[in-house]
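Below are the chains, spelled out letter by letter.
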Amino acid sequence: MTTPVQPRRLDTILRLVMWGGLLAIWLLPLIAKQFTDEVQWTTSDHVFWAIMLIVPGAIVELTSRLTGSWAYRGGVIIALGTAFVITWANLAVGIVGDEDNPINLIFFGVIGVALIGAPLVGFKASRMRWVLMATAAAQVLSGLVALQAEAFVLVFCGVATALWLTSAALFGKAARGQERADEARS
């Protein structure tokens, strides 16, 4: 990452929109419970849902404070969003069969590649690109493992792979921007 940047007006507005949006998303199940018996969430479900929303929000907040690179920020947001959707779908209904199908654990392994790789490369944009490419490869492999499942799983894995690769491309763009900035300083 680059050096911390001074907060700008747009950053402040985007932070407010992000946190307000996350709060609205968190409130959706609470509101839905008032109108239907289909939503049967326990207190622990609501707490876990809050954690699932707060953790990526906090990572985006930290990233926006540490770097002014929109490409880096975009790479982080797309990677977090992809991991969020995989986790949510897996826990809510399961990607293959239902949430109790043990083959669904492989999708958490895909996220694990990114979670382990990112700190190992020091969150450097040039290396994050490779971590996200490895994550995309793991996503392809997860789709191959789940081949016995319905076609939806292959589509899901294809879309997730495309998102991981988009994130990798954004980190590559951020790395090139950082290299140009370093050359300009020397």
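Below is a short write-up of the structure.

### A look at helix 3 (residues 70-92)
Helical geometry note: an α-helix holds 3.6 residues per turn, so side chains three or four residues apart project in the same direction.
No. 1: Between its first and last C-alpha atoms helix 3 spans 32 Å; for 23 residues at 1.5 Å apiece the expected length is 33 Å, and the two agree.
No. 2: The positive-phi residue at the C-terminal boundary of helix 3 is Gly94, with phi of around 85 degrees.

### As for the packing of aromatic side chains
No. 1: Going through the model one piece at a time under the given rule, you end up with four aromatic pairs.
No. 2: Relative to Trp49, the ring of Trp41 lies with its centre 5.8 Å away and its plane at 80 degrees, an arrangement referred to as edge-to-face.
No. 3: Ring geometry for Trp49 versus Phe84: centroids 5.8 Å apart, planes at 50 degrees, classification tilted. Taken together, the positions of Trp49 in helix 2 (residues 43-66) and Phe84 in helix 3 put the pair 35 residues apart, joining distant regions of the chain.
No. 4: Accessibility expressed as a relative area gives 9% for Trp49, which makes it buried.
No. 5: Owing to a relative accessible area of 18%, Phe84 belongs among the buried residues under this scheme.
No. 6: Through pairs of rings, three or more aromatic residues link up here, namely Trp41, Trp49 and Phe84.
No. 7: Above the face of the Trp70 ring, Arg73 is positioned so that its terminal group lies 4.6 Å from the ring centre.

### A look at unusual backbone geometry
No. 1: Residue Phe123 is not a glycine yet carries a positive backbone phi of 60 degrees.
No. 2: For Phe123, the location among the structural elements is in the loop between helix 4 (105-120) and helix 5 (125-145).
No. 3: Looking at Phe123, the relative accessible area reads 36%, which means it is partly exposed.

### Regarding the nonpolar core
No. 1: With 40 residues, the main nonpolar core has Ile86, Phe107, Leu132, Val153 and Trp164 as its most contacted residues.
No. 2: Looking at this core, the elements with two or more residues in it are helix 1 (9-35), helix 2, helix 3, helix 4, helix 5 and helix 6 (151-185).

### A short note on the packing of helix 4 against helix 5
No. 1: At their nearest, the axes of helix 4 and helix 5 sit 9 Å apart, and the two run at 170 degrees to each other. Between helix 4 and helix 5, the interaxial angle falls into the category roughly antiparallel. Residues Ile106, Phe107, Val110, Val113, Ala114, Gly117 and Ala118 of helix 4 lie in contact with helix 5, whose contacting residues are Met128, Val131, Ala134, Thr135, Ala138, Gln139, Ser142 and Val145.
No. 2: Along the lines of polarity and charge, the residues of the contact of helix 4 with helix 5 split into eleven nonpolar, four polar and no charged.

### Considerations on the layout of surface pockets
No. 1: If you add up the space inside the largest pocket, you get close to 650 Å³.
No. 2: Val55, Ile59, Leu80, Ala83 and Leu115 are the residues nearest the centre of the largest pocket, which is lined by 27 residues in total.
No. 3: Looking at the lining of the largest pocket, the elements that each hand over two or more residues are helix 2, helix 3, helix 4, helix 5 and helix 6.
No. 4: The greatest single-element share of the lining of the largest pocket, amounting to nine residues, is contributed by helix 2.
No. 5: Counted by class, the lining of the largest pocket contains 25 nonpolar, two polar and no charged residues.
No. 6: Of the pockets and cavities examined, the second largest pocket occupies roughly 440 Å³.
No. 7: When contributions to the lining of the second largest pocket are tallied by element, the ones reaching two or more residues are helix 1, helix 2 and helix 3.
No. 8: Sort the elements by how many residues they give to the lining of the second largest pocket and helix 2 lands first, with eight residues.
No. 9: Of the residues that constitute the lining of the second largest pocket, the class distribution is 13 nonpolar, four polar and four charged.

Criteria and thresholds
Residues numbered from 1 in each chain as written. Predicted model: local features only at pLDDT ≥ 70, side-chain atom pairs only at ≥ 80, totals over all residues. Heavy atoms only, no water. Helix = DSSP H or I, 4+ residues; strand = E, 2+ residues; numbered from the N terminus. Expected span 1.5 Å × (residues − 1). Phe/Tyr/Trp six-rings, centres within 6.5 Å; stacked < 30°, edge-to-face > 60°. Buried < 20%, exposed > 50% of the residue type's maximum accessible area, 1.4 Å probe, protein only. Lys NZ or Arg CZ within 6 Å of the ring centre and 35° of its normal. Core = buried A, V, L, I, M, F, W, Y, C linked by side-chain atoms within 4.5 Å. Axes fitted to C-alpha atoms, helices over the stretch in contact; angles between N-to-C directions. Parallel < 35°, antiparallel > 145°, perpendicular 65-115°, else oblique. Contact = heavy atoms within 4.5 Å. Nonpolar A, V, L, I, M, F, W, Y, C, P; charged D, E, K, R; others polar. 1 Å grid on protein atoms, 1.4 Å probe; cavity = no way out; pocket = protein on both sides within 12 Å on 5 of 7 lines; lining within 4 Å. Points joined across faces, edges and corners; volume = space filled by probe spheres on them.

Note that every value here comes from positions in space, so none of it alone points to a role or purpose.
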